[in-house]
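So you can see what is in the structure, the chains are spelled out below.
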Amino acid sequence: MVDLPEPLTPADCDLRDFQFMPLDVVRLRDSDIAVMVTGEEFRSAVMLWCAAWHQVPAGSLPNDDRSLASLAGYGRAVGEWLKVKDGALRGWAECSDGRLYHAVVCEKARESWDSKLQHAYDKLVDRLRKLNKKREETGLPSIVWPTFDEWKTMGRPLESKLVPVEKKQVSGGTPKPSAGFEDDSGGNPPEKALKGQVREGTGKGEVKTLSSSKVSGTSREGALDDAHVPTTAVEWAKFFDAEHGVQTDTYTVKGREKFWPLAQGWIDAGLSIGKMRAAVAKAKADTDEPIMYLPAYVNQVLINAQARATKPPKAAPLHSMDDNALNAEGRKHGLEARPGEERHAFIGRIQTAQAIAQGRVAA
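Residues numbered from 1 in each chain as written. Predicted model: local features only at pLDDT ≥ 70, side-chain atom pairs only at ≥ 80, totals over all residues. Heavy atoms only, no water.

Caption draft 1: Focus on the pattern of salt bridges. Evaluation of the coordinates by the stated rule reveals 15 salt bridges. With a closest N to O distance of 4.0 Å, lysine 134 and glutamate 137 form a salt bridge. Here lysine 134 and its partner glutamate 137 are both found in helix H6 (residues 103–137), 3 residues apart, which amounts to about one turn of the helix. On the accessibility criterion, lysine 134 (22% relative accessible area) is partly exposed. Of the residues examined, glutamate 137 reaches a relative accessible area of 54% and is grouped as exposed. The closest approach of N and O atoms between aspartate 323 and arginine 343, which form a salt bridge, is 2.6 Å. (Salt bridge = Lys/Arg side-chain N within 4 Å of Asp/Glu carboxyl O. Helix = DSSP H or I, 4+ residues; strand = E, 2+ residues; numbered from the N terminus. Buried < 20%, exposed > 50% of the residue type's maximum accessible area, 1.4 Å probe, protein only.)

As structure tokens, this is what we get:
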């Protein structure tokens, strides 16, 4: 018994989201099927090519006359299908998985499948580049990603499989806390919080325990009210953990270095839960970085918003000012309108004075 060939497209080749199928018009025009089969056989052949494009694997057909009759447009009329079967299946061959494959349709399917995988790979690499930038800022080694062909050979791993899990330090030495935080552990690692309690840090060395059921400002459902203003780092940690699944490591040296300063800044600014939720929504909309970086991105959103809010309003154009406002602007630069001076000339002198004051021209 002759062994059947391997399938001509990968088993997971799925092009059902590809609306269009490439058609090599010159190749079709000069092919045998264009002159060797009847018009009805040719119509059925084209119907089967189209059907195979959205089969899985793409480029294949089931080797069953009832299914083929339906896909060729004959519905339940299997007898009518059998009349055109030989011509319609010209170029198709059975492979080892029991399905029929067409060499030309499969060639186009493989090209389209590769383009689909290339798009997914490019997006993956773009995310990894952004992640590497963050890793470099935190002193972590960069991630080396596989080439496109290697990635396919590896089974197209997701980002989570390519990013190494960083092991926590477990050596005998205790890392030194970051500047600005007192070492309240006496040289030992921080104790674990008691069950049902959380460790609360003020960011100034004070560490105490607080029952997790007694955090103020919570509603009956357990979510913090928009108007609530957290006063401790632990409340902010609970917010990110409960609402966004971010593990902030608040009670470790890593947390002290990375999350506590952010939380202390929000506390000093009197930030409310409602404003934080709005900042989180913008941060999530602006980036596709891993969730672990959400607090840092949110902090940048808040910094940008503050910069916009404190930016001095743009001065009105001089030509749009009335005479009183124009004279007041002139006096800021030690200028007064001269007797008989045209308005546009006075504006010109003010503009020159403004440019000198801003350093745009030399005095």
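Right, picking up where we left off after that structure.
Caption draft 2: Spatial organisation of unusual backbone geometry. The omega angle of the peptide bond from valine 56 to proline 57 is 0°, so this bond is cis rather than trans. With respect to the helices and strands, the residue proline 57 is situated in the loop between helix H3 (39–53) and strand E1 (60–61).

Caption draft 3: Representation of helix H14 (residues 343–357) in the model. Helix length check: H14, at 15 residues, gives a terminal C-alpha distance of 21 Å against a target of 21 Å (1.5 Å per residue), a fit within 8%. Listing the buried residues of H14 in full gives Phe346, Ile347, Arg349, Ile350, Ala353, Gln354 and Ala355. Check the buried side of H14 and you find it contacts helix H13 (323–332). (Expected span 1.5 Å × (residues − 1). Contact = heavy atoms within 4.5 Å.)

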